[in-house]
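What follows is the residue order along each chain.
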Amino acid sequence: MPLKKGDEESAQSIKHIMINSETRTHTFHIPVMGIGFTIDTPLKVAPYGIDSVISIGDDILIEKMRKMYCEKYGLEYEEITDKVEDSRAKRITAYLNFINDQVEQKFNLLKSESLDRKSDLKKYYNLLPNNSTIRQEVKQLDNIDLVELEQLIKENMTAGSIDVNIMTKIDKENYKDGEKLPVEYNDAHAALRGFAKSNLSSSVIFSAGLNPRLYSYAENFDDFYPNEKGEIKKKIVLKVSDYRSALIQGKFLAKKGLWVSEFRIESGLNCGGHAFATEGHLIGPILAQFRDNRQELIDTLHGLFVDALATKKRVIPNAKIKLKVTAQGGVGTSEEHQFLLEHYQLNGVGWGTPFLLVPEATSVDDATLQKLVAAKEKDLYLSNISPLGVPFHNLRNNTKDSEKENRILKGRPGSPCPKKFLSLNKEFTEEAICVASRQYQNLKIKELDAADLAQSEYKKKYNSIVEKACICVGLGTSALLSNGIDAKVEGPGVSVCPGPNLAYFNSVVSLKGMVDHIYGRLNIARPDRPNVFIKELNIYIDYLKNKCSDLGTNEKEGRSLLSFNANLDEGISYYQNLLHSIKGAFASSRNEILEALRGSRSVLEEIKLELEHKLAVVVA
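**Student:** So what's going on with the sheet that holds strand β1 (residues 28-30)? Which residues, and what values?
**Tutor:** One closed barrel accounts for 8 strands, arranged β1-β2-β3-β6-β7-β8-β9-β10; its pairing is parallel. Averaged over neighbouring strand pairs, the angle between their axes works out to 30 degrees when direction is ignored. Where β1 lies against strand β2 (residues 51-55), 2 bridges are found, and the strand directions are parallel. Considered in β2, the bridge of Ile30 is made with Ser52.

This is the structure in structure tokens:
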């Protein structure tokens, strides 16, 4: 049965296409978002060839999700209780194995379908990027055979990767019967063990910086090492914000015989969740540095890697293993997406925040979803609510912050701290506690009360204590609510951590709608959305302004901020030269971008003068 030529909902056929197994089906991936927003995303998108990332930080949430899905699918479920030895790792392994098995079943079912108008097989095809091998080849034919087309698609289909994320710094020590357990039972270590023992063939994304003990622990698992063909069952991906960090961490792992399969470069501030600001270095120049030094990076790491494998008497691959470079943070149009891929020679681009508006992909409860849809620029801000002491992107008036404010008004600041994943502070206790907990805040306020402070200073310090929120609970609650799971223990408050990019997407979107937007087949972003490079620059300038306002009499800090200012200025020069040298990309908005860059440079000059004046006063 022939299909009409040119019909976007149909296709033409071609024989004997071989897809490079090293190439992702899609040119985008869905990064981890919070603790729960992508907890089951692979189950929803992996059958369509889309890579996504699960947070494995909260084993309590993970166990509840496994129970819910087993009941939903009529599968046998045996609870892994806290009394079970190594329960955290075992819960993570059980959930990842479940997700992997279900994705495989869904994918195989999809492959068994015929290519009719409503089939998931057809949906798989229609989601493919415009320049995918299959799409490009079928366009060259005038006639098609539906049977051949089905065979072509099925022979070249791949499921998306089920990747996991571990924040390396969230590695709380654990105790049993009052005795501290060995380091391998720390939270991050146990999570890594849970992934390592799963039947997944995918990647662990390490974020939040180098944790030497955790990285070294990966040496204990065979799945992290390559075979003769260079295949690695459990790959390591590092989320980094600059080249120097990538080189340091990559060398650390290579010296242990562990290969970094991908560096995932994230904008320092134009992203969701925790924000790790660079020293004023912008994403464009950073990506250029990776592009220009990529081969040198590979050669450097490969030499150390091979030497370490030889020392360990492990298999040395016959050829160099590929190293991928991807980027994420604030990308919002198909033009930006394609420019990053082509100009910086990336292997993929991460799209996070916009997918919070795609119920087919993420777990967001209805009330939070409507708040996200209605959010404007003023509703999204970089906060100090995280107990980690790292700037954290936040949505104003989220229900978890409302819970926190109500407790403060009642004279009972702080959270009950039911999960304790962020219990990392030993200021008052031998066993670490969380700075968002009621226990810590009571102790800290008592200490503050004993100090002889002016009222204004007291209020400032008091607010800095009580503003911390219980995000390790709040970031997982939405997954419970959206899946009909009782959230009585956690409470109904939801924390949400969208990036600034959310302000320019103001409607609930289907999976196909978002993918079509990414690939330029549809436009769902606000027309006044600023260019990704300009948005990041402005966020950094606001960040610098706040640092400048808080600057006291510290000469070293003042000079550091001047260096920060200079780095931003260099970034502006880079973008100006880039726009004058490239052809095609950003043609319709080039003058607007250049004007914005000129305006930003004027603001930086004003900040520089203010900093120099403050330093002159300090030195005098």
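**Student:** Hey, could you go over the nonpolar core for me, with residue numbers and the actual values?
**Tutor:** Counting residues in each nonpolar core, the largest one holds 170 residues, and the members touching the most others are Ile56, Phe224, Phe263 and Phe355. Core analysis: the next-biggest nonpolar cluster, separate from the first, contains 6 residues, Ile408, Leu448, Tyr462 and Val466 among them.

**Student:** Help me get a handle on the side chain of His29, residues and values and all.
**Tutor:** Examined against the element boundaries, His29 turns out to sit in strand β1. Given a relative accessible area of 1%, His29 falls into the buried group. The residues touching His29, leaving out its near neighbours within four places in the chain, are Asp51, Arg264, Thr326, Gln328, Val349, Gly350 and Trp351.

**Student:** Run through helix α17 (residues 511-518), naming residues and quoting values.
**Tutor:** Owing to its 3.6 residues per turn, the α-helix aligns residues three or four sequence positions apart on the same side. Of all 8 residues in α17, 7 are buried, a share of seventy percent or more. Listing the buried residues of α17 in full gives Leu511, Gly513, Met514, Val515, Asp516, His517 and Ile518. The inward-facing, buried residues of α17 contact β1, α1 (41-45), α4 (120-127) and α11 (334-343). The first or second residue beyond α17 is Gly520, which carries a positive phi of 80 degrees.

**Student:** Describe the pairing of β2, listing the residues and the values that go with them.
**Tutor:** Taking burial as the measure, the 5 residues of β2 include 5 buried ones, the bulk of the element. The two faces of β2 match: Asp51, Val53 and Ser55 on one face and Ser52 and Ile54 on the other face are all buried. The pairing of β2 with strand β3 (residues 162-167) spans 4 bridges and is parallel. Paired with Ser55 across the two strands is Asn165, which belongs to β3.

**Student:** Outline the pattern of salt bridges, supporting the account with residue identities and numerical values.
**Tutor:** On inspection of all chains with the given rule, the structure shows 38 salt bridges. Between Asp58 and Lys419 there is a salt bridge, with its nearest N and O atoms 2.6 Å apart. Of this pair, Asp58 sits in the loop between β2 and α2 (59-73) while Lys419 sits in the loop between α13 (399-409) and α14 (438-450), and the two are 361 residues apart along the sequence. Take Asp58: its relative accessible area is 1%, and that puts it in the buried class. By relative accessible area, which is 10% here, Lys419 ends up buried.

**Student:** Describe the packing of helix α18 (residues 532-550) against helix α19 (residues 555-581), naming the residues involved and giving the relevant values.
**Tutor:** Their axes nearest at 11 Å, the elements α18 and α19 cross at an angle of 165 degrees. Taken together, the axis directions place α18 and α19 in an arrangement best described as roughly antiparallel. Like other packed secondary-structure pairs, α18 and α19 cross with a definite hand, here left-handed. Of the residues in α19, those touching α18 at Phe533, Glu536, Leu537, Tyr540, Ile541, Tyr543, Leu544, Lys547 and Cys548 are Leu561, Phe564, Asn565, Leu568, Ile572 and Tyr575. Residues that form the contact of α18 with α19 fall into these classes: 12 nonpolar, 1 polar and 2 charged.

**Student:** Quick one: what's the story with helix α12 (residues 366-374), residue by residue and with numbers?
**Tutor:** Taken together, the buried positions of α12 are occupied by Thr368, Leu369, Leu372 and Val373. Buried residues of α12, seen end-on, are gathered within an arc of 140 degrees and therefore sit on one face of the element. Those residues of α12 that are buried are in contact with β12 (392-395) and α16 (471-482).

**Student:** Let's hear about the packing of α4 against α17: which residues, and what values?
**Tutor:** Between α4 and α17, the least distance of the axes is 10 Å, while the angle of their chain directions is 20 degrees. As summarised for this structure, α4 and α17 are arranged roughly parallel, according to the angle between their axes. Taken together, the residues of α17 that come into contact with α4 (itself represented by Lys123, Asn126 and Leu127) are Leu511, Lys512, Val515 and Asp516. The residue inventory of the contact of α4 with α17, partitioned by class, reads 3 nonpolar, 1 polar and 3 charged.

**Student:** Please give an account of the environment of Glu606 that cites residues and values.
**Tutor:** Considering the arrangement of structural elements, one finds Glu606 in helix α20 (residues 590-619). Considering only alpha carbons, one finds Glu606 and Pro285, 321 residues apart in sequence, at a separation of 23 Å.

**Student:** How would you sum up the packing of aromatic side chains? Please name residues and give values.
**Tutor:** Taken as a whole and judged by the stated rule, the model has 23 aromatic pairs. Relative to Phe224, the ring of Phe221 lies with its centre 6.4 Å away and its plane at 65 degrees, an arrangement referred to as edge-to-face. Each member of the pair, Phe221 as well as Phe224, carries the same accessibility label: buried. Their ring planes at 55 degrees and their centres at 5.0 Å tell us that Phe339 and Phe586 sit as a pair that is tilted. Taken as a pair, Phe339 in helix α11 and Phe586 in the loop between α19 and α20 lie far apart in primary sequence, 247 residues in all.

**Student:** Explain the layout of surface pockets residue by residue, including any values.
**Tutor:** For the second largest pocket, the calculated volume is near 1,300 Å³. The wall of the second largest pocket is formed by 47 residues, among which Asp59, Asp82, Ser87, Arg91 and Asn174 lie closest to the centre. Top contributing element to the lining of the second largest pocket by residue count: α2, with 7 residues.

What counts, and at which threshold
Residues numbered from 1 in each chain as written. Predicted model: local features only at pLDDT ≥ 70, side-chain atom pairs only at ≥ 80, totals over all residues. Heavy atoms only, no water. Pairing = 2+ DSSP bridges. Helix = DSSP H or I, 4+ residues; strand = E, 2+ residues; numbered from the N terminus. Axes fitted to C-alpha atoms, helices over the stretch in contact; angles between N-to-C directions. Core = buried A, V, L, I, M, F, W, Y, C linked by side-chain atoms within 4.5 Å. Buried < 20%, exposed > 50% of the residue type's maximum accessible area, 1.4 Å probe, protein only. Contact = heavy atoms within 4.5 Å. Salt bridge = Lys/Arg side-chain N within 4 Å of Asp/Glu carboxyl O. Parallel < 35°, antiparallel > 145°, perpendicular 65-115°, else oblique. Left-handed = near helix turned anticlockwise from the far one by under 90°. Nonpolar A, V, L, I, M, F, W, Y, C, P; charged D, E, K, R; others polar. Arc of directions from axis to C-beta. Phe/Tyr/Trp six-rings, centres within 6.5 Å; stacked < 30°, edge-to-face > 60°. 1 Å grid on protein atoms, 1.4 Å probe; cavity = no way out; pocket = protein on both sides within 12 Å on 5 of 7 lines; lining within 4 Å. Points joined across faces, edges and corners; volume = space filled by probe spheres on them.

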